[in-house]
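Inside the fold
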Amino acid sequence: MTIPIILDCDPGHDDAIALLLALASPEVELLGVTTVHGNQMLDKTTENALRVLELVGRSDVPVARGADRPLVRDLQVAAHVHGESGLDGPELPMATAQPVDQPAIDFIADRIRPGTVIVAVGPLTNVALYLEAHGTANVERIVLMGGAIAEGNMTPAAEFNIWADPEAAQRVFRCGRPVTMIGLDVTHKALLTPAWADRFRAAGRVGTFVAELVEFFKLYHARTYGWDGAPIHDAVALAQVFRPSLVRTEHRNVEIEVESELCRGRTVVDLWRRTERDPNADVGVDVDSDAFFELLLERVASLG
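Residues numbered from 1 in each chain as written. Predicted model: local features only at pLDDT ≥ 70, side-chain atom pairs only at ≥ 80, totals over all residues. Heavy atoms only, no water.

1. Examining the nonpolar core
The biggest cluster of nonpolar side chains holds 72 residues, and the ones touching the most others in it are Phe200 and Phe292. Apart from residues lying up to four places away in sequence, Phe200 is in contact with Leu192, Gly207, Thr208, Val210, Ala211, Phe293, Leu296, Leu297 and Val300. Ranked by size, the runner-up nonpolar core spans 31 residues in total, among them Leu124, Ile149, Leu271 and Val283. (Core = buried A, V, L, I, M, F, W, Y, C linked by side-chain atoms within 4.5 Å. Buried < 20%, exposed > 50% of the residue type's maximum accessible area, 1.4 Å probe, protein only. Contact = heavy atoms within 4.5 Å.)

Spelled out as structure tokens, the structure:
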């Protein structure tokens, strides 16, 4: 039985790869794509989603525009990581499709059905707004790429997706449905290195596109961390939906820091159970990176 999913994203290099993985994986049924501010402004993230779908001949997949700003905070984008287009690097075909004429939260309400997993790999604004408007009925669980136990990438304390809209993240973690958090502690172990890039190039046209995406994406990671490669954050979250054995998780309490500017957006994970707060998330703590990349390579190769 396939798993119905909504992919909420802000493409974004790793978002694009997560979208390709969803399209190539028979274990999931992609009900649609919703876009959000984040790696770039909403117009750009929406266009990028449409163009990635065009690349692989899947312009039939509906795309709905979501929130263009956080719930409370000022909009800030990650152009320093993803470039001015949000997908700087390889050329993409122009999109022939248009976004559906329906806001993301209404689109999700129309498409969702029992057992649906919301896979959220950008700021959580759309998900928070959907839960506020429609509740948790039919939401099997929420799998998100965001946060960290012990590090940050936007600030020393916080990962970008949670930092961008911490109030939305707080609502999602407190929604009462199962939440799986795939954070930097996991995704920074899933580096697409030059050796992997060579294998992707050998896998065909779409594999070459993935390798070329990483050529740009890794520039930030080389400057910041000294890595020769880039973490494919969002695709790890997508893979966990249908291959949960890839990521080891611990059921723990996670609170979101919304008061302090210094620690804004920190995911305070009670890993060692130092409080009596009830667990509210399955938190990723480790990943089988080789198995993840073998899966990703196999699926990307199937796209041509």
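2. Let's talk about the pairing of strand β1 (residues 3-9)
Taking burial as the measure, the 7 residues of β1 include 6 buried ones, the bulk of the element. In the sheet, β1 pairs with strand β2 (residues 28-35) via 7 bridges, with the strands oriented parallel. Bridging from a neighbouring strand, Pro4 pairs with Glu29 of β2. Assessed by its sense of winding, the connection that carries the chain from β1 through helix α1 (residues 13-24) to β2 is right-handed. The pairing of β1 with strand β4 (residues 116-120) spans 4 bridges and is classified as parallel. When the sheet's bridge partners are listed, Ile5 is paired in β4 with Val117. (Helix = DSSP H or I, 4+ residues; strand = E, 2+ residues; numbered from the N terminus. Pairing = 2+ DSSP bridges. Right-handed = clockwise from strand over helix to strand, strands pointing away.)

3. Considering the side chain of Arg51
Assignment of secondary structure puts Arg51 in helix α2 (residues 42-55). Not counting residues up to four positions away in its chain, the partners in contact with Arg51 are Leu92, Pro93, Met94 and Ala95.

4. Some details on unusual backbone geometry
Residues Pro11 and Gly12 are joined by a peptide bond in cis, for which omega reads -10°. Locating Gly12 in the fold gives a position in the loop between β1 and α1. A positive phi angle is found at Asn138, which is not glycine, with a value near 75°. Mapped onto the secondary structure, Asn138 falls in the loop between α5 (125-134) and β5 (139-145). Here the phi dihedral of Arg273 falls at roughly 55°; this positive angle occurs in a residue that is not glycine.

5. Comments concerning α2
Here α2 contains 14 residues, and its C-alpha end-to-end distance of 20 Å stays within 8% of the 20 Å for a straight helix at 1.5 Å per residue. The element α2 is largely enclosed, with a buried count of 10 among its 14 residues. Three or more residues of α2 are buried, namely Leu42, Thr45, Thr46, Asn48, Ala49, Leu50, Arg51, Val52, Leu53 and Leu55. Buried positions along α2 lie against α1, β2, β3 (63-65) and α10 (205-225). Once α2 ends, the next one or two residues include Gly57, with phi positive near 65°. (Expected span 1.5 Å × (residues − 1).)

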